[in-house]
Amino acid sequence: DIQMTQSPSSLSASVGDRVTITCRASQGISNDLAWFQQKPGKAPKSLIHAASSLQSGVPSNFAGRGSGTHFTLTISNLQPEDFATYYCQQYHSYPITFGQGTRLEIK
Amino acid sequence: QVQLVQSGSELGKPGASVKISCKASGYTFIDYSITWVRQAPGQGLEWMGRINTNTGTPTYARDFAGHFVFSLDTSVSTAYLQINSLKTDDTAVYYCARAPEDYWGQGTLVTVSS
(Lines give C-alpha, C1' and ligand atoms only; values in the text may rest on other atoms or scores of the structure.)
Protein backbone atom coordinates (compact mmCIF):
# COMPACT_ATOMS: atom_id res chain seq x y z
CA ASP A 1 0.00 0.00 0.00
CA ILE A 2 1.12 3.56 -0.64
CA GLN A 3 1.71 5.45 2.59
CA MET A 4 0.88 9.15 2.69
CA THR A 5 2.66 11.23 5.32
CA GLN A 6 1.57 14.77 6.08
CA SER A 7 3.53 17.40 7.94
CA PRO A 8 3.07 19.09 10.22
CA SER A 9 0.38 17.21 12.14
CA SER A 10 -0.86 20.53 13.46
CA LEU A 11 -0.04 24.18 13.14
CA SER A 12 -1.23 27.49 14.47
CA ALA A 13 -1.60 30.58 12.35
CA SER A 14 -3.35 33.93 12.31
CA VAL A 15 -5.93 35.39 9.97
CA GLY A 16 -4.09 36.81 6.98
CA ASP A 17 -1.13 34.43 7.26
CA ARG A 18 0.13 32.06 4.58
CA VAL A 19 0.64 28.41 5.49
CA THR A 20 1.95 25.36 3.65
CA ILE A 21 1.12 21.72 4.38
CA THR A 22 3.31 18.99 2.94
CA CYS A 23 2.26 15.52 1.85
CA ARG A 24 4.75 12.83 0.88
CA ALA A 25 3.98 9.54 -0.82
CA SER A 26 5.97 6.39 -0.11
CA GLN A 27 6.29 5.83 -3.87
CA GLY A 28 5.68 7.86 -6.98
CA ILE A 29 2.04 8.67 -7.68
CA SER A 30 2.43 11.05 -10.64
CA ASN A 31 -0.10 13.81 -9.92
CA ASP A 32 -2.84 11.49 -8.64
CA LEU A 33 -3.35 13.46 -5.46
CA ALA A 34 -6.33 15.20 -3.89
CA TRP A 35 -6.75 17.52 -0.93
CA PHE A 36 -9.75 17.67 1.37
CA GLN A 37 -10.88 20.07 4.09
CA GLN A 38 -12.87 18.87 7.08
CA LYS A 39 -14.48 21.00 9.77
CA PRO A 40 -15.60 19.53 13.11
CA GLY A 41 -18.77 17.48 12.82
CA LYS A 42 -18.91 17.90 9.04
CA ALA A 43 -18.16 15.75 6.03
CA PRO A 44 -14.91 16.33 4.19
CA LYS A 45 -14.99 18.76 1.30
CA SER A 46 -12.99 18.24 -1.87
CA LEU A 47 -10.60 21.13 -2.55
CA ILE A 48 -8.10 20.00 -5.15
CA HIS A 49 -7.64 17.08 -7.52
CA ALA A 50 -4.81 16.14 -9.86
CA ALA A 51 -2.44 17.79 -7.38
CA SER A 52 -3.16 21.35 -8.48
CA SER A 53 -6.66 21.64 -9.99
CA LEU A 54 -9.11 23.51 -7.79
CA GLN A 55 -12.60 22.09 -7.51
CA SER A 56 -15.35 24.39 -8.67
CA GLY A 57 -16.15 27.02 -6.06
CA VAL A 58 -12.93 26.67 -4.07
CA PRO A 59 -11.39 30.07 -3.37
CA SER A 60 -8.22 31.01 -5.22
CA ASN A 61 -6.25 31.43 -1.98
CA PHE A 62 -5.85 27.64 -2.03
CA ALA A 63 -3.06 26.27 -4.22
CA GLY A 64 -1.74 22.74 -4.69
CA ARG A 65 1.59 21.76 -6.19
CA GLY A 66 3.79 18.77 -6.70
CA SER A 67 4.17 15.50 -8.50
CA GLY A 68 5.82 12.17 -7.90
CA THR A 69 6.26 11.87 -4.14
CA HIS A 70 6.22 15.44 -2.83
CA PHE A 71 3.15 17.66 -2.69
CA THR A 72 2.12 20.87 -0.99
CA LEU A 73 -1.08 22.68 -0.16
CA THR A 74 -0.62 26.40 0.37
CA ILE A 75 -3.32 28.60 1.82
CA SER A 76 -2.69 32.31 1.42
CA ASN A 77 -4.38 35.14 3.28
CA LEU A 78 -5.97 32.78 5.82
CA GLN A 79 -9.61 33.46 6.51
CA PRO A 80 -11.51 32.42 9.65
CA GLU A 81 -13.38 29.76 7.68
CA ASP A 82 -10.09 28.14 6.60
CA PHE A 83 -9.29 26.82 10.07
CA ALA A 84 -9.98 23.12 9.76
CA THR A 85 -8.26 19.78 9.28
CA TYR A 86 -6.74 19.02 5.89
CA TYR A 87 -6.13 15.59 4.36
CA CYS A 88 -4.23 14.53 1.29
CA GLN A 89 -5.26 11.41 -0.62
CA GLN A 90 -3.53 9.38 -3.30
CA TYR A 91 -5.66 7.69 -5.93
CA HIS A 92 -2.81 6.39 -8.06
CA SER A 93 -3.40 2.80 -7.01
CA TYR A 94 -5.66 0.70 -4.84
CA PRO A 95 -6.06 0.80 -1.98
CA ILE A 96 -6.60 4.54 -2.08
CA THR A 97 -5.01 6.03 1.02
CA PHE A 98 -5.27 9.25 3.00
CA GLY A 99 -2.66 11.13 4.94
CA GLN A 100 -3.16 11.32 8.69
CA GLY A 101 -4.39 14.90 8.54
CA THR A 102 -3.09 18.36 9.46
CA ARG A 103 -5.04 20.40 11.96
CA LEU A 104 -4.88 24.14 11.27
CA GLU A 105 -5.75 26.17 14.35
CA ILE A 106 -6.13 29.85 15.03
CA LYS A 107 -3.20 31.35 16.93
CA GLN B 1 -27.38 19.78 -7.71
CA VAL B 2 -25.49 16.67 -6.70
CA GLN B 3 -26.55 15.36 -3.30
CA LEU B 4 -25.79 12.27 -1.30
CA VAL B 5 -28.12 11.75 1.64
CA GLN B 6 -27.32 9.09 4.18
CA SER B 7 -29.56 7.32 6.64
CA GLY B 8 -29.61 8.25 10.30
CA SER B 9 -27.52 7.15 13.26
CA GLU B 10 -27.48 3.51 14.23
CA LEU B 11 -26.99 1.82 17.57
CA GLY B 12 -26.07 -1.84 17.37
CA LYS B 13 -25.07 -4.56 19.77
CA PRO B 14 -21.86 -6.55 19.36
CA GLY B 15 -22.44 -9.42 16.95
CA ALA B 16 -25.42 -7.79 15.27
CA SER B 17 -25.57 -6.19 11.82
CA VAL B 18 -26.47 -2.72 10.58
CA LYS B 19 -27.15 -1.43 7.09
CA ILE B 20 -26.57 2.20 6.11
CA SER B 21 -28.01 3.78 2.98
CA CYS B 22 -26.71 6.53 0.72
CA LYS B 23 -29.23 7.99 -1.72
CA ALA B 24 -27.82 9.94 -4.65
CA SER B 25 -29.56 12.62 -6.67
CA GLY B 26 -28.69 15.32 -9.18
CA TYR B 27 -26.69 13.11 -11.53
CA THR B 28 -26.85 9.79 -13.35
CA PHE B 29 -26.19 7.26 -10.59
CA ILE B 30 -24.53 4.61 -12.72
CA ASP B 31 -21.99 7.05 -14.18
CA TYR B 32 -19.95 7.28 -10.96
CA SER B 33 -18.81 4.71 -8.45
CA ILE B 34 -19.61 5.16 -4.77
CA THR B 35 -16.82 5.21 -2.20
CA TRP B 36 -17.17 4.45 1.52
CA VAL B 37 -14.92 6.12 4.11
CA ARG B 38 -14.71 5.47 7.85
CA GLN B 39 -13.76 7.95 10.54
CA ALA B 40 -13.37 6.60 14.05
CA PRO B 41 -13.88 9.07 16.92
CA GLY B 42 -11.11 11.66 16.91
CA GLN B 43 -9.28 9.89 14.10
CA GLY B 44 -8.52 10.45 10.44
CA LEU B 45 -10.17 9.22 7.26
CA GLU B 46 -9.91 5.58 6.17
CA TRP B 47 -10.79 4.57 2.62
CA MET B 48 -12.89 1.42 2.94
CA GLY B 49 -13.47 0.73 -0.73
CA ARG B 50 -15.65 1.49 -3.67
CA ILE B 51 -18.51 -0.07 -5.61
CA ASN B 52 -18.90 0.29 -9.35
CA THR B 53 -22.48 1.41 -9.77
CA ASN B 54 -22.56 0.26 -13.39
CA THR B 55 -21.43 -3.32 -12.82
CA GLY B 56 -22.08 -3.73 -9.10
CA THR B 57 -18.47 -4.85 -8.59
CA PRO B 58 -17.07 -3.91 -5.18
CA THR B 59 -13.44 -3.27 -4.32
CA TYR B 60 -12.53 -3.48 -0.64
CA ALA B 61 -9.48 -2.17 1.13
CA ARG B 62 -7.69 -5.03 2.87
CA ASP B 63 -8.80 -4.08 6.38
CA PHE B 64 -12.44 -3.96 5.34
CA ALA B 65 -12.85 -7.17 3.36
CA GLY B 66 -15.25 -9.77 4.75
CA HIS B 67 -16.71 -7.74 7.59
CA PHE B 68 -18.27 -5.02 5.43
CA VAL B 69 -20.50 -5.45 2.40
CA PHE B 70 -21.25 -2.88 -0.30
CA SER B 71 -24.42 -3.19 -2.33
CA LEU B 72 -26.68 -1.18 -4.61
CA ASP B 73 -30.25 -0.61 -5.66
CA THR B 74 -29.84 1.29 -8.90
CA SER B 75 -33.63 1.59 -9.30
CA VAL B 76 -33.61 4.10 -6.45
CA SER B 77 -30.04 5.43 -6.93
CA THR B 78 -29.00 4.13 -3.55
CA ALA B 79 -25.85 2.50 -2.26
CA TYR B 80 -25.69 0.48 0.94
CA LEU B 81 -23.03 -0.41 3.47
CA GLN B 82 -23.76 -3.41 5.66
CA ILE B 83 -21.58 -4.08 8.68
CA ASN B 84 -21.80 -7.64 9.93
CA SER B 85 -20.76 -9.13 13.29
CA LEU B 86 -20.45 -5.69 14.84
CA LYS B 87 -17.49 -5.02 17.11
CA THR B 88 -16.94 -2.07 19.42
CA ASP B 89 -14.08 -1.03 17.08
CA ASP B 90 -16.71 -0.41 14.38
CA THR B 91 -17.98 2.64 16.26
CA ALA B 92 -17.36 5.46 13.79
CA VAL B 93 -18.89 7.86 11.33
CA TYR B 94 -19.28 6.28 7.91
CA TYR B 95 -19.35 8.49 4.83
CA CYS B 96 -20.34 7.72 1.29
CA ALA B 97 -18.92 9.82 -1.51
CA ARG B 98 -19.28 10.00 -5.25
CA ALA B 99 -16.01 8.80 -6.73
CA PRO B 100 -13.56 10.45 -7.05
CA GLU B 101 -14.80 11.74 -3.70
CA ASP B 102 -15.93 15.05 -5.15
CA TYR B 103 -19.29 15.00 -3.35
CA TRP B 104 -19.91 13.51 0.08
CA GLY B 105 -22.84 12.39 2.16
CA GLN B 106 -23.36 13.95 5.55
CA GLY B 107 -22.12 10.87 7.39
CA THR B 108 -23.81 8.21 9.50
CA LEU B 109 -22.74 7.56 13.08
CA VAL B 110 -22.69 3.90 14.01
CA THR B 111 -22.32 3.18 17.70
CA VAL B 112 -21.65 -0.36 18.85
CA SER B 113 -22.46 -0.99 22.47
CA SER B 114 -24.02 -3.69 24.58
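For clarity, every value in this text was computed on a predicted model and none was experimentally measured. (Residues numbered from 1 in each chain as written. Chains lettered and ligands numbered in written order. Predicted model: local features only at pLDDT ≥ 70, side-chain atom pairs only at ≥ 80, totals over all residues. Heavy atoms only, no water.)

So, the sheet that holds strand β8 (residues 70-75) of chain A
All names here are of chain A. To be explicit about the condition: Strands pair, by our definition, only if DSSP identifies at least two bridges between them. Helix numbers and strand numbers start at the N terminus; a helix is a DSSP run of H or I with at least 4 residues, a strand a run of E with at least 2. Where helices are involved, their axes are fitted lines through C-alpha atoms of the stretch in contact, as for all axes, and angles between N-to-C directions lie from 0 to 180°.
Taken in spatial order, the 4 strands make up an open sheet running β1-β3-β8-β7, and their pairing is antiparallel. Every interior strand has two partners, whereas the edge strands, β1 (4-7) and β7 (62-67), have only one. The mean inter-strand angle of the sheet, taken between neighbouring strand axes irrespective of direction, is 15 degrees.

Description of the sheet that holds strand β7 (residues 68-73) of chain B
All names here are of chain B. Reading across the sheet, the 4 strands line up as β1-β3-β8-β7 and stay open at both edges, with antiparallel pairing between neighbours. Edge positions in the sheet fall to β1 (3-6) and β7, since each has one partner strand and no second. Strand-to-strand twist across the sheet, computed as the mean angle between neighbouring axes with direction ignored, equals 20 degrees. Taken together, the 6 bridges between strand β3 (residues 18-25) and strand β8 (residues 78-83) define a ladder with antiparallel strand orientation. Note that in β8 the partner of Ile-20 across the bridge is Leu-81.

What about the environment of Arg62(B)?
Looking at the secondary structure, you find Arg62(B) in the loop between β6 (58-60) and β7. Remark: the alpha-carbon pair of Arg62(B) and Val5(B), spanning 57 residues in sequence, is separated by 26 Å.

So, the packing of aromatic side chains
Two numbers describe a pair of aromatic rings. These are the distance of the centres and the angle of the planes. So the rule is basically this: Any two rings among Phe, Tyr and Trp, with Trp reduced to its six-membered ring, count as a pair given centres within 6.5 Å; such a pair is stacked if its planes are under 30 degrees apart, edge-to-face if over 60, and tilted if neither. Only protein chains enter the calculation, and the probe is 1.4 Å; a residue is then buried if its accessible area is under 20% of its type maximum, exposed if over 50%, and partly exposed in between. A ring is scored as having a charge over it whenever the NZ atom of a lysine or the CZ atom of an arginine sits within 6 Å of its centre and within 35 degrees of its normal.
The final tally for this structure, using the stated rule, is 9 aromatic pairs over all chains. Taken together, a centroid distance of 6.3 Å and an interplanar angle of 45 degrees make the contact between Phe68(B) and Tyr94(B) tilted. Residue Phe68(B) is found in strand β7, and its partner Tyr94(B) is found in strand β9 (residues 92-98); the two are separated by 26 residues along the sequence. Each member of the pair, Phe68(B) together with Tyr94(B), is buried. Among the aromatic residues, those joined into a ring-pair cluster are Phe36(A), Phe98(A), Tyr95(B) and Trp104(B). Lying over the aromatic face of Tyr80(B), Lys19(B) brings its terminal NZ or CZ to 4.8 Å of the ring centre. Positioned above the aromatic ring of Tyr32(B), the side-chain terminus of Arg98(B) is 3.7 Å from the ring centre.

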